[in-house]
Amino acid sequence: MKRMTSLLQDNNSITNASITGTPLESQAHSILASSIHSIPSTTSSSSSIYYYPKAYNSTDVNGVVDSTTLLLAARTLSKLGRSDLSWEFLRTLFRAQSSNGFLPKLVYLNHTNNDKQEFEGAAWKDFIGIYPGPKMFGDTASEEDAIQQSLDTETKVWSSNTIMATPHHATSILEIFYLSNQTLKDVNNLSIFYSKLQKWHTFMHQQVISNCSDGRDANYTFPCIVVRHPLETEIDMASPLWESALMNVTKIVKEEKWNSGISIPKEVKDSFDYPGDDIYNSYLYLLQCLNNEGNNNATSQSNTNYTNHDVFYSRCPFGMLDVGFSAALAKADTDMLMIGQILSDKNHLTRPTMDEMASTKTRSNRSLDMLNALWYDEKQSFFNRLVTLTETDYGWYSSNTTTSLEASIAYNFFSMIDPMLNSSLVAKMSMQLLQRSGKLSFNCGDYPLWSVGGCKGSSPIIPLVNYRVSTGLIRNGELGLGDYTSNGLLNLICGLPNSDESNLKNCSKILYFANAFNATSGLPMGNNIVQSSLTAAVVLDILVPDKEFVYESEPPISSSSVIFLIAAELVVAFAVGVVCLVLSLNLMRRANADEEGDEFVQLVNEQQPLYEEPEDDEDAAANTSGIGAWSLELISSMSPMKWFSRGSANNS
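> Explain the overall build of the chain to me, please; I cannot follow it from the model alone.
Each helix and strand in the chain was counted, giving 23 helices and 18 strands. A burial count over the chain gives 52% of its 652 residues as buried. Across the chain, contacts joining residues at least 24 apart in sequence account for 72% of those joining residues at least 6 apart. Total accessible area computed for the chain in this model is approximately 30,100 Å², and 52% of it derives from carbon and sulfur atoms.

> Hey, could you run me through the confidence of the model for the chain in this one?
Low pLDDT means the predicted atomic positions in that stretch should not be read closely. Residues with a pLDDT of 70 or more make up 77% of the chain, whose mean pLDDT is 82. Residue range residues 1–6 is modelled with pLDDT below 50. Its contacts to residues more than four positions away, or to other chains, number 21 contacts. Per-residue pLDDT stays below 50 along residues 647–652; that stretch engages in two contacts with residues further than four places along the chain or on separate chains.

> Looking at this structure, I do not really get the side chain of E175. What am I missing?
Within the secondary structure, E175 sits in helix α7 (residues 169–179). Discounting residues that sit within four places of it in the chain, E175 has contacts with R75, R475 and F549.

> Please clarify how the sheet that holds strand β10 (residues 320–321) should be interpreted in this entry.
What links the strands of a sheet is backbone hydrogen bonding, and the strands pair in either a parallel or an antiparallel sense. Strand order in the open sheet made by the three strands is β10-β13-β16, with antiparallel pairing throughout. Edge strands, defined here as strands with exactly one partner in the open sheet, are β10 and β16 (402–405). Bridge count for β10 against strand β13 (residues 384–387) is two bridges, and the pairing is antiparallel. Bridge pairing links L321 to R385 in β13.

> For this particular structure, what's the right way to read the nonpolar core?
Across soluble globular proteins, nonpolar side chains have a tendency to be buried as a group. Counting residues in hydrophobic clusters, the biggest one holds 163 residues, and the most contacted among them are L24, L90, M204, W242, L284, F318 and F382. Element by element, the count of residues in this core is highest for helix α14 (residues 323–345), at 10 residues.

Criteria and thresholds
- Residues numbered from 1 in each chain as written.
- Predicted model: local features only at pLDDT ≥ 70, side-chain atom pairs only at ≥ 80, totals over all residues.
- Heavy atoms only, no water.
- Helix = DSSP H or I, 4+ residues; strand = E, 2+ residues; numbered from the N terminus.
- Buried < 20%, exposed > 50% of the residue type's maximum accessible area, 1.4 Å probe, protein only.
- Contact = heavy atoms within 4.5 Å.
- Areas by Shrake-Rupley, 256 points an atom, 1.4 Å probe, with all protein chains shown as cover.
- pLDDT = per-residue confidence, 0-100.
- Pairing = 2+ DSSP bridges.
- Core = buried A, V, L, I, M, F, W, Y, C linked by side-chain atoms within 4.5 Å.

Laid out in structure tokens, this is it:
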């Protein structure tokens, strides 16, 4: 894989940016730095170079961009002083944004040298490592032309064009800005991505949340924000949730004796969350169904069979309201408001209008209401809800109702990703994290957090889950429980006992940064992925403290504009002074050159004395009229207007 020196030459700054100096942090820095790759273009423009974090240490996944991994890695890099790379990561991810705003879960980068018949990056295959490959989603090269009109034709960008990403983008972009040095370049990048995020959130609210405003009930339990494939969530495929959630799909697959015709590679089957052939075939069936439907996850269709009574309408037999997805959208909508406020306070040219801010506020309230609708008061927990589908005579599926999926999984705690308005809900859910018995208990074993509750048998401990839950607890004021959850993960990876006496400087010499760990043995689960860049980013994000999330407002007018205006005013004032001086000199010259200039003296000498004693009334009247006539003539001769007219006559 070719490395581009313009940005990657400073990777040592990532490796050496150690805060605690522990082996755990040093190795996490090393893994994250070595994961940074690029796909070049034959053009010289730096904008056509794609930077991304490779998911794990295998050449099999070159060119595969996982949106979850990229967003977390970008956040961590901004903490480490490399916001330049963070923005480049985001540019790569948004290259695959569709014209309608859709953002995919996976992006595939391919650079082909036609002369040598060689390529770098992702191959056109059904599977790449543990991920479904671009071939499984169909040829998207035609879409690429619309998305990237200026890119070299040899660099291709494919995507999971029917599987959307979990919407953490706005949250990640806002926090990357907060954690950066907040230079003018950072502000400009925030503005650039704000316009792209607007398209993404418009897609979410107008197409994914279809007809919700017309058909929702008081509790928002209608299928408003719906995921249509397990890949659109962050729930591992081995979760017991999927057995019940995909029951209808599995039934169809068996009844139709459906076969994908695709050989599932050993690396996929060896993954820690491979659910078995039945569930995975349902997974592939839905992928094919969505590809055939091909509408970027919109949940309504322009179809004569569609009725406004139904909120959800699809050709594919699955739809689910996911707690994590809904919480991510609610948080992202709130953060969109904050980004808009920052751009307004910075007086940026692309700052949102009042109407746009009002619309964003409406969306934020709406998505928060939909998240709160997933609360099940009887069980004191948030639960996913399955869309109850009815097949129509035309082979479509429609619904306007949902049913609760009461699965005891740690993903239910993703609801706390943002501070909750009702603090009592936080307290009730926190109790589950402290309980050691019962179906909804999660204080199991020596290390937190089991991905499945109930404290029976053993369950995977997934770093991403621990990170999301601990972050949510801290944001909701549960600092002790949040720190316990994150510190327990660090002790697990370090191979240390989970106690206050453990010191990260005493980590085991062999450290595993796996995607999941066995809760009982503490060993990595699944295949040989022991250098996951996602886990490395999670570890660093926990170890390196955040900056305070603040920013400085700009004055109503920028300093450069103030300087320009002052300079302009000085120029105008100087010009006015020069004009006045020239005019004054010209008037003096004209006055001195006027031939009539001596008329005043001559007139005085020729006139009779100004006053003589009148002999009688008639003489007095005559003298008076003489003086008035002389005075008027004198005043008239002294008029500047007369000088101008005479000067003009002389000149002509």
